[in-house]
Structures are given as structure tokens and as C-alpha cells.
Amino acid sequence: MEKLQILMSVYNGKKYLREQLESIMAQDCEKDGTVVFSLVIRDDGSSDGTQEILEEYTRKYPDKVRWYQGNNLGVIQSFFDLMVKADNADYYALADQDDYWLPSKMGTGIKRIRQIYKEQETLTDRPVLYCCRPSFVDENLEHLELKVSHPDMRPGFGNALIENIVTGCTTVFNNKLRVMVADRFPEYTTMHDRWLYLVSSCFGRIYYDENSYIYYRQHGGNTVGKNTDRLAEIKYRLNKFRKDAYSSSRQAAEFWRVFGKGYKGMAMPTGKKRLLVMFIKGKKDGHIRRRLVNTGKIYRQRELDNKIFKILLRLGIY
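Keep in mind the model is a prediction, meaning the values are calculated, not measured.

## A few points about the sheet that holds strand β3 (residues 65–69)
Spatially, the seven strands line up as an open sheet ordered β3-β2-β1-β4-β8-β6-β9, and their pairing is mixed. Where the open sheet ends on each side, the last strands, each with one partner, are β3 and β9 (205–209). Direction aside, neighbouring strands of the sheet carry axes that sit 20° apart on average. As paired elements, strand β1 (residues 2–10) and strand β4 (residues 91–95) share five bridges and run parallel to each other. Bridge pairing in β4 places Leu4 opposite Tyr91. Here helix α2 (residues 50–60) sits on the sheet and contacts β1, β2 (35–43) and β3; the angle it forms with β3, its principal contact strand, is near 150°.

## Thoughts on the sheet that holds strand β10 (residues 214–217)
In space, the three strands of this open sheet follow the order β5-β10-β7, with mixed pairing throughout. The open sheet has two edge strands with one neighbour each: β5 (100–101) and β7 (135–137). Both β5 and β10 contribute to a ladder of two bridges, which runs antiparallel. Considered in β10, the bridge of Tyr100 is made with Tyr215.

## Details of the pattern of salt bridges
Close approach of charged atoms allows side chains with opposite charge to pair. Counted according to the given criterion, the structure contains 20 salt bridges. A salt bridge links Asp44 to Arg42; the nearest nitrogen and oxygen atoms lie 2.7 Å apart. Residue Arg42 is classed as buried on the basis of its relative accessible area of 2%. Across the pair Glu210 and Arg133 runs a salt bridge, and its minimum N-O distance is 2.7 Å. Taken together, the residues span a long stretch of sequence, with Glu210 in the loop between β9 and β10 and Arg133 in the loop between β6 (128–132) and β7 at a distance of 77 residues. Relative accessible area serves as the criterion here: at 30%, Glu210 is assigned to the partly exposed category. Look at Arg133 and you get buried, because its relative accessible area is 15%. Through salt bridges with shared partners, one network takes in Arg42, Asp44, Asp81 and Lys85.

## Details of the environment of Leu73
Mapped onto the secondary structure, Leu73 falls in the loop between β3 and α3 (75–85). Judged by relative accessible area, which is 43%, Leu73 ranks as partly exposed. If near-sequence neighbours (up to four positions away) are discounted, Leu73 is found in contact with Arg42, Asp44 and Ser78.

What counts as what
- Residues numbered from 1 in each chain as written.
- Predicted model: local features only at pLDDT ≥ 70, side-chain atom pairs only at ≥ 80, totals over all residues.
- Heavy atoms only, no water.
- Pairing = 2+ DSSP bridges.
- Helix = DSSP H or I, 4+ residues; strand = E, 2+ residues; numbered from the N terminus.
- Axes fitted to C-alpha atoms, helices over the stretch in contact; angles between N-to-C directions.
- Contact = heavy atoms within 4.5 Å.
- Salt bridge = Lys/Arg side-chain N within 4 Å of Asp/Glu carboxyl O.
- Buried < 20%, exposed > 50% of the residue type's maximum accessible area, 1.4 Å probe, protein only.

Set out below in C-alpha cells:
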């Protein structure tokens, strides 16, 4: 029997928490008798009555749900703490407090990882991550009309260096990825799911599912949200490029510090190591930056974003 453990971080999540918990409890991944799942919740210092709901669900599902109280660390460190305190399992998933999961969400992720193992047995001891495209909904779970194009995703280490396409609440990943992250926390990362993307794309495998199995609720309290209007999206992305102008190089330098020498006998692949070193050294060397642009190995998913970033890369603004 394989084990799945879902890790949820909550903070003042009373408004939508029950609906999310019910959707998690309705997951159908146990129906074939090969998987059993549990839910571990960390409260990040709520003051709105969230703890009462957590107590309610531990009583309702004593064999499935447990929670613990933590100091207010913020979403990144809260999820990292969950990975440290997690039980030993075959698969893990991250959950936010305000979304809604479709019943087949966990089962689909597990099936994809099993298929990856079947295709390449050596990956059973490598970090493997599955994620899917979220469906954007409003506060009432009504689908939002997207006026912004979303290309099919092409995951890869060269993309992870400058962009995050992994939405944490859509993920399912193996124990190797959890152990690598929990064993060596970064001192800096733009987001916990960005770090998962970097580690899995560098040392293992990532599968991006264009199908959606989650309603990603958009509301004023989101820690991270998405724009659905074209003009709002353009303004958001220009502001984000300016705000995060130097976050990618800082993130890359931290990834080198943590994993540059590999991990417990697992060496960083030569080509990815070379790319990472070029990316870091290119900050101070225009010749390297030009070579980096010409390789085409550093890329963003959207065509316009990619063109903008190539200009920024040539100027050393990353």
C-alpha cells in the first residue's frame, strides 16, 4: 500500500477552509486500494477562528487529519516546515486553504508519477514532480473568462532559472524531492514552489499536465493570484519584471550554494551545471550574457515575455 500525504499551510483561512477540506476528503485516489492518504495542516498563527475548524475536522476524520500550531513564518517557511515535519510517504502534495480540488486531482498526479517510473526506473531515486494547469474561478467558484493567452508549457531547468510555472497547490511529488528540499533549505527563494521547480528540473523530472483538476480561487486575499484581463495582465507583468529585476540571479546564486556540489552522491548534470554557472557569471560579463542569449537555453514560456527577457538578459538586468 502506497502512502500519500497532503501538506496544507493555513493562515486566517476561515472563510473558505471548510469547502477546501471537504474537496480534499472527497479525493478518489484510494478507490483502487493501492493508495491511502492523510492530511497534515500547519496553522501559521491564525487569529480568525481557523483553529476551531481544524479541531472540527480532526474530530470528524481522526485517522486522516492532524494539525499543529506554528509561529507566523509566512507561506514559504510554513510549507518548508511542513516538509520537515511530514511523515514518511511515497507521495506528497501541497494544499492552499482557499481552493477547491476536483475528485481525481490526487489520483491523476500519482498515475503520472508511476508512469514516469515505468518509463525510466532510475527516476525512482530522483526528484519527480507533477503539476497541472489551474482553472481560475471567482470567490463563488464560478469560472473566470481568461483574456490572456496561455501557451502549452515547456518545463525545463533553463526556464526555472527565470520563471516559475509550478503552482504549488497543483503539485504531487515523490519523497526524494521532499527530502532534498527539507534537508537543505534555501536562505532565499522567491516562492517555495519555485524552489521545487528548480530542484526537480535540475536533478530529476517534471511533468506539466495541461488539464486542470483544481479550481484556483481568485480573491483579494490571495498570496499569489493571476490576472484574467489583458490590460491588467500587461500592467502586472511589467511591474513584476521591474520589481523582480534581480531576483533570478539571486535565486540562481542560492541554488548554486545549496546544490552546486550535488546532493549526497547525486551530481548536477554537466549541461545544467554549465548553464547555471554561465547564468551567474553573466551578471558581470557581457560576453557571457551574449553567449547565454544565443544558446536559447534560457527562456520564458510566453513569446513576448521571452523577447523582453532577452533584452534584460543582454543588459544584465536579472
